[in-house]
Amino acid sequence: MSHKAWMKTVPTENCDVLMTFPDSTDDHTLLWLLNHIRLGIPELIVQVRHHRHTRVYAFFLTATYERCVPVPSMSPACPQHCTNTVPTLSPSLLRGADELGLRKPVKAEFGGGTRGFSCEEDFIYENIDNELGFFSSQERQSIIRYWLENLRAKQGESLHNIHFLEGQPIIPELAARGVIQQLFPLHEQRILKRLMKSWVQAVCEAQPLDDICDYFGVKIAMYFAWLGFYTSAMVYPAVFGSILYTFTDSDQTSQDISCVVFAIFNVIWATLFLEEWKRRGAEFAYKWGTLDTPAESLEEPRPQFRGTKRISPVTSAEEFYYPPWKRLLFQSLVSLPVCLACLTLVFLLMLGCFQLQELVLSIQELPRVLRFLPKIILAIIVTTCDELYKKVALWLNDMGEL
């Protein structure tokens, strides 16, 4: 069985998403997953590579770009052969955009704006003939991620000691179990260099928000749009505060009046800032096609979720179920006492450090270096407790949300 996966490797020229595996992964696991991806997601082009030095296998994932082709068809209303556009069933990113409901800009002659992509009407979208420019790298990766997350198991399927429920997503479960080490998109150096010049290295220039949105996605672009807007808006209280500070006298009455005036200014500024950002954010959301995106009402349970198997009363499908009373019981008898104990421990340690500080300062004969001993101990305690509380919090979260 050794090196069977290596025999399937081909030179990788195009890749959007990379899936890596631990170096201890056996060939049976690789071939099982490779077979399921190729059968369950025929849209994907999977290329298997092996890193000789790290001995790690990886799947290089991408997909093709194919237009819907016109197919001659006969209809009772058309006595002669009419050329109607019928969507092809060939695997392509366009088909994935249709399934995902990806919003794309529409040509002006068809009304403009943006709308969810449809293979049946692909001719109405801008740049549809541009294979390299119609989808951004982020959109390509989103489509591939959508396909991977919707690769579902059939009834009775299993891999080693991992038993899947019917309809359960395979990739998230394998990632949670450590079978898949990483699943991440790849950068495009050409676009990164362009963003480096127009964004990172640019001084006193507007952010290329459209380029950021095309490459990193709407969430990242919206974050930097808000950050830039907030930074610009902070100029007004900074200037007003500096002027107020300059002309304020040193007496207490003048300082109190200045504080009241500055507080009133901040209230007005904050109100105007929020209202203006609502308008600016709605403008960006409309421009980037997310203004009327519906929220996800149904989400897949996280792969770490465990419980007893049952038939869902809503979907009539098999699912994991954890009784709410057990969760409430754990929160009341375990989570709450542990949190109170942690708070008590922190309070006592802080109190002990303060008492030690008072004791050290009261002894005049101690060397000056030893006077910093309580602060050093406090720093060590804070670092140690931080790591301890992180592990406790993760354990409580996993146990309390089963």
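What counts and what doesn't
- Residues numbered from 1 in each chain as written.
- Predicted model: local features only at pLDDT ≥ 70, side-chain atom pairs only at ≥ 80, totals over all residues.
- Heavy atoms only, no water.
- Helix = DSSP H or I, 4+ residues; strand = E, 2+ residues; numbered from the N terminus.
- Buried < 20%, exposed > 50% of the residue type's maximum accessible area, 1.4 Å probe, protein only.
- Contact = heavy atoms within 4.5 Å.
- UniProt positions renumbered as here; feature names shortened; annotations may be inferred.
- Phe/Tyr/Trp six-rings, centres within 6.5 Å; stacked < 30°, edge-to-face > 60°.
- Salt bridge = Lys/Arg side-chain N within 4 Å of Asp/Glu carboxyl O.
- Axes fitted to C-alpha atoms, helices over the stretch in contact; angles between N-to-C directions.
- Parallel < 35°, antiparallel > 145°, perpendicular 65-115°, else oblique.
- Nonpolar A, V, L, I, M, F, W, Y, C, P; charged D, E, K, R; others polar.
- Expected span 1.5 Å × (residues − 1).
- Arc of directions from axis to C-beta.
- Pairing = 2+ DSSP bridges.
- Core = buried A, V, L, I, M, F, W, Y, C linked by side-chain atoms within 4.5 Å.

1. A look at the side chain of S254
- You can see S254 is positioned in helix α9 (residues 252-287).
- Since its relative accessible area comes to 19%, S254 is described here as buried.
- In this structure, S254 is in contact with T248 and D249, ignoring residues within four places of it in sequence.

2. Some points on the UniProt feature "transmembrane region" (unreviewed entry) in the protein
- Per the UniProt annotation, the sites labelled "transmembrane region" (unreviewed entry) are residues 223-245, 257-274 and 328-351.
- Secondary structure within residues 223-245 divides into 96% helix and 0% strand; the distance between the first and last C-alpha atoms comes to 32 Å.
- For the annotated span residues 257-274, helix accounts for 100% and strand for 0% of the residues, and the straight-line distance between the end C-alpha atoms is 26 Å.

3. A short note on the packing of aromatic side chains
- Under the criterion given, the structure shown has 20 aromatic pairs.
- An angle of 70 degrees between the planes, with centres 4.8 Å apart, marks the rings of F21 and F59 as edge-to-face. Of the two residues, F21 sits in the loop between β1 (17-20) and α1 (27-40) while F59 sits in strand β3 (residues 56-63), which places them 38 residues apart along the sequence.
- Note on F21: relative accessible area 0%, which makes it buried.
- Given a relative accessible area of 0%, F59 falls into the buried group.
- A centroid spacing of 5.1 Å and a plane angle of 75 degrees characterise the contact between Y223 and F224, whose relative ring orientation is edge-to-face.

4. Focus: the pattern of salt bridges
- Summed over the entire model, instances satisfying the criterion amount to nine salt bridges.
- With a closest N to O distance of 2.8 Å, R145 and E149 form a salt bridge. Of the two residues, R145 and E149 both sit in helix α3 (residues 137-149), four residues apart, roughly one turn of that helix.
- For R145, a relative accessible area of 54% gives the class exposed.

5. A closer look at the packing of helix α2 (residues 93-100) against α3
- Taken N-terminus to C-terminus, the directions of α2 and α3 make an angle of 70 degrees; their axes are 9 Å apart at the nearest point. With respect to α3, the axis of α2 lies roughly perpendicular. Mapping the contact onto sequence places L93, G96, A97, E99 and L100 in α2 and R140, S142, I143, Y146 and W147 in α3.
- In terms of residue class, the contact of α2 with α3 is built from six nonpolar, two polar and two charged.

6. Some thoughts on helix α8 (residues 235-246)
- Over its twelve residues, α8 runs 16 Å from end to end, which matches the ideal 16 Å to within 8%, given 1.5 Å per residue.
- Residues P237, G241 and L244 constitute the buried set of α8. Taken down its axis, α8 places every buried residue within 65 degrees of arc, on the same side.
- Of the surrounding secondary structure, the elements contacted by the buried residues of α8 are α7 (218-233) and α9.

7. Details of the environment of W32
- Within the secondary structure, W32 is located in helix α1.
- According to the relative accessible area criterion, W32 is buried, its value standing at 13%.
- Sequence spacing of W32 and L159 is 127 residues, and the spatial spacing of their C-alpha atoms is 7.9 Å.

8. Comments concerning the pairing of β1
- The side-chain alternation of β1 yields two buried faces, one formed by V17 and M19 and the other by L18 and T20.
- Where β1 and β3 come together, four bridges link them in antiparallel fashion. Bridge pairing links V17 to L61 in β3.
- Of the pairings in the sheet, the one linking β1 to strand β10 (residues 182-185) comprises four bridges and is antiparallel in character. Bridged to L18 within β10 is F184.

9. Section: the nonpolar core
- Within the largest apolar cluster, 43 residues are counted, with the highest numbers of intra-cluster contacts made by M19, L33, F59, F135 and L174.
- At the level of secondary structure, the elements contributing two or more residues to this core comprise β1, α1, β2 (44-51), β3, α2, α3 and α4 (170-176).
- Element by element, the count of residues in this core is highest for α1, at five residues.
- For F59, the contacting residues outside a window of four places in its chain are V17, L18, M19, F21, L30, L33, L34, I37, V46, Q47 and V48.
- Y215, A225, W269 and W288 belong to the second largest nonpolar core, which has 15 residues in total.

10. Considerations on the sheet that holds β10
- Spatial strand order, β2-β3-β1-β10: four strands in an open sheet with antiparallel pairing. The open sheet has two edge strands with one neighbour each: β2 and β10. Each strand of the sheet is rotated relative to its neighbour by a mean of 20 degrees, with strand direction disregarded.
- Lying on the sheet, α3 is in contact with β1, β2, β3 and β10; it crosses β3 at an angle near 115 degrees.

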